[in-house]
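Overview (structure and organization)
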Amino acid sequence: MLYQNVAKPIFFKLDAEKAHHLVIGGLHTVGSFPGGTGFLRSVYGVSETPDLAVDLFGLHFPTPVGLAAGLDKNAVAVEGFSAIGFGFMEVGTVTPKGQPGNDQPRLFRLPADEALVNRMGFNNKGADAMAQELSRLKSRTVPVAVNIGKNKVTPNEEAYKDYQECIRKLYPYGDFFVVNISSPNTPDLRNLQYGSELSSLLAHIMEEMRLQAQKYGQSKHILVKIAPDVSDEELEMMVDVLRESGISGIVATNTTISREGLTHPNKKEAGGISGKPLRTRSTEVVSRVYRQTGGKLPIIGSGGIFTPEDAYEKIKAGASLVEIYTGYIYEGPEVNRRLHAGLRELLRRDGFSHISEAVGADHR
């Protein structure tokens, strides 16, 4: 309970973004220090167990719980995060050129709601800087996904060029890729989720993936991260386009612009809400995507996971893997051991010998 009793009270007295940078900086420092990752693993690591290990996208995930994009935007703390129990992680969102993002303050806590609101705006150092960071890694203990986006100044009709440039620069370094077209903090970005704009964007992206696969002699998988703030009809049309595009899977979901049920004064701040208020809707989206695709398009469930039951709910709804972000901020690095132990118990309770048997169980 070191985090809950000591670190969290200190962090939560600081500005949220300053605390964010302290965590990233601390994990970078410890992870790069000789013996640092071993220390982190001994304190917070999760031992792989056969019942929860997942093989998907041609990759091995030692646990099904990963770190969502947005925390390590520049891939500077991969070794540290890999040592504290995550089965995989997303880095980014990265854009072709570095950009400062939106004006500060832009990250706020809502403790009463166990939520965060952010309007960061894809602040990052750019694809070249991320390539340098990832190229320095001596080894990979978990898969690393590169989450890619467009620069703020790039008009939507040219957005595909930004996604292609990210792929070209980072293809050798990402184990798989995630296309972010669903952040609410880049103007008009979510318009790329619909109709002909979506199909055209994905055609360009898939062509670039094919070119890079030929260049490097290795095919890699690419997923698309979708928003929760869509109607059932919009979601159905979106999934039809995604399924036809040839992408490998869907991340469901990004943050929400809904303020329903929030009580903390920071709910008035503009930006996307993550954390517990997102849990039910993100799980509903997972379920609808799974049902529409017959479980043939793998899903990574993200949104409001704090407990083993939260993660298991998304798995039974159809998620093959899950991600946390806000749950890590509120619960600390101990959360991964609790999630792992709790998921194993829930599998045993329901008579499953492997997590794959639970995926989509609600639909059977």
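Quick look at the structure, then.

Calculation criteria
Residues numbered from 1 in each chain as written. Predicted model: local features only at pLDDT ≥ 70, side-chain atom pairs only at ≥ 80, totals over all residues. Heavy atoms only, no water. Helix = DSSP H or I, 4+ residues; strand = E, 2+ residues; numbered from the N terminus. Expected span 1.5 Å × (residues − 1). Contact = heavy atoms within 4.5 Å. 1 Å grid on protein atoms, 1.4 Å probe; cavity = no way out; pocket = protein on both sides within 12 Å on 5 of 7 lines; lining within 4 Å. Points joined across faces, edges and corners; volume = space filled by probe spheres on them. Nonpolar A, V, L, I, M, F, W, Y, C, P; charged D, E, K, R; others polar. Phe/Tyr/Trp six-rings, centres within 6.5 Å; stacked < 30°, edge-to-face > 60°. Buried < 20%, exposed > 50% of the residue type's maximum accessible area, 1.4 Å probe, protein only. Pairing = 2+ DSSP bridges. Axes fitted to C-alpha atoms, helices over the stretch in contact; angles between N-to-C directions. Right-handed = clockwise from strand over helix to strand, strands pointing away. Polar contact = N/O pair within 3.5 Å; in protein donor to acceptor, adjacent residues only side chain to side chain.

1. A look at helix 7 (residues 195–216)
For helix 7, with 22 residues, the first-to-last C-alpha span of 32 Å sits near the 32 Å given by 1.5 Å per residue. Residues of helix 7 that are buried sit in contact with helix 6 (159–170), strand 10 (176–180), strand 11 (221–226) and helix 8 (232–245). With its phi angle positive at about 70°, Gly217 sits one or two positions after the end of helix 7.

2. A few points about empty space enclosed by the protein
Any empty space left between atoms is shown by rolling a water-sized probe over those atoms. Per the stated rule, a full pass over the model turns up two cavities of 30 Å³ or more. One number sums up the size of the largest cavity: a volume of about 430 Å³. What lines the largest cavity is a set of 36 residues, among which Ala69, Asn118, Asn254, Thr255 and Tyr325 lie closest to the centre. The set of elements that each furnish at least two residues to the lining of the largest cavity consists of strand 4 (88–94), strand 7 (115–118), strand 13 (272–275), strand 15 (321–324) and helix 11 (326–331). Here the element with the most residues in the lining of the largest cavity is strand 13; it accounts for three residues. Of the residues assigned to the lining of the largest cavity, the class counts are twelve nonpolar, 21 polar and three charged. Each pocket or cavity is described by its volume, and for the second largest cavity that value is around 30 Å³. Lining the second largest cavity are Thr63, Val65, Gly85, Asn336, Leu339, His340 and Leu343. It is helix 12 (residues 335–349) that contributes the most residues to the lining of the second largest cavity, four residues altogether.

3. Some words on the packing of aromatic side chains
Tallied over the full model, the rule gives eleven aromatic pairs. On the basis of an interplanar angle of 20° and a centroid distance of 5.8 Å, the ring pair of Tyr171 and Tyr216 is categorised as stacked. Taken together, the residues span a long stretch of sequence, with Tyr171 in the loop between helix 6 and strand 10 and Tyr216 in helix 7 at a distance of 45 residues. Its relative accessible area of 1% is what places Tyr171 among the buried residues. Each residue in the set Phe57, Phe61, Phe88 and Phe176 is aromatic and connected to the rest through ring pairs, giving one cluster.

4. Quick word on the sheet that holds strand 13
With antiparallel pairing, three strands are arranged side by side in an open sheet as 6-7-13. Edge positions in the sheet fall to strand 6 (107–110) and strand 13, since each of these pairs with one other strand and no more. When the angles between neighbouring strand axes are averaged without regard to direction, this sheet yields 25°. By the bridge criterion, four bridges tie strand 7 to strand 13 in an arrangement that is antiparallel.

5. What to know about the pairing of strand 6
What you see with strand 6 is no split at all: Leu107 and Arg109 on one side and Phe108 and Leu110 on the other are buried throughout. Between strand 6 and strand 7, which pair antiparallel one after the other, the connecting turn spans four residues, and Glu114 there sits at a positive phi close to 50°.

6. Description of the pairing of strand 11
In terms of burial, strand 11 is a largely internal element, five of the six residues being buried. As defined by bridge partners, strand 10 adjoins strand 11 across five bridges and the pair is classed as parallel. Within the sheet, the bridge partner assigned to Phe177 lies in strand 11 and is Ile222. At this point the chain moves from strand 10, through helix 7, to the parallel strand 11, and the crossover so formed is right-handed. Note that strand 11 and strand 12 (residues 249–252) share four bridges and pair parallel. The residue bridging Val224 from the neighbouring strand is Ile250, located in strand 12. The β-α-β motif built from strand 11, the intervening helix 8 and the parallel element strand 12 has right-handed crossover chirality.

7. A short note on the side chain of Asn118
Within the element layout of this structure, Asn118 appears in strand 7. What makes Asn118 buried here is its relative accessible area of 19%. There is a polar contact of 3.1 Å between the side chain of Asn118 and the backbone nitrogen of Met120. Dropping the residues within four chain positions of it, Asn118 is found in contact with Arg106, Leu107, Asn185, Thr255, Gly271 and Gly272.

That is the geometry; function is a separate question.
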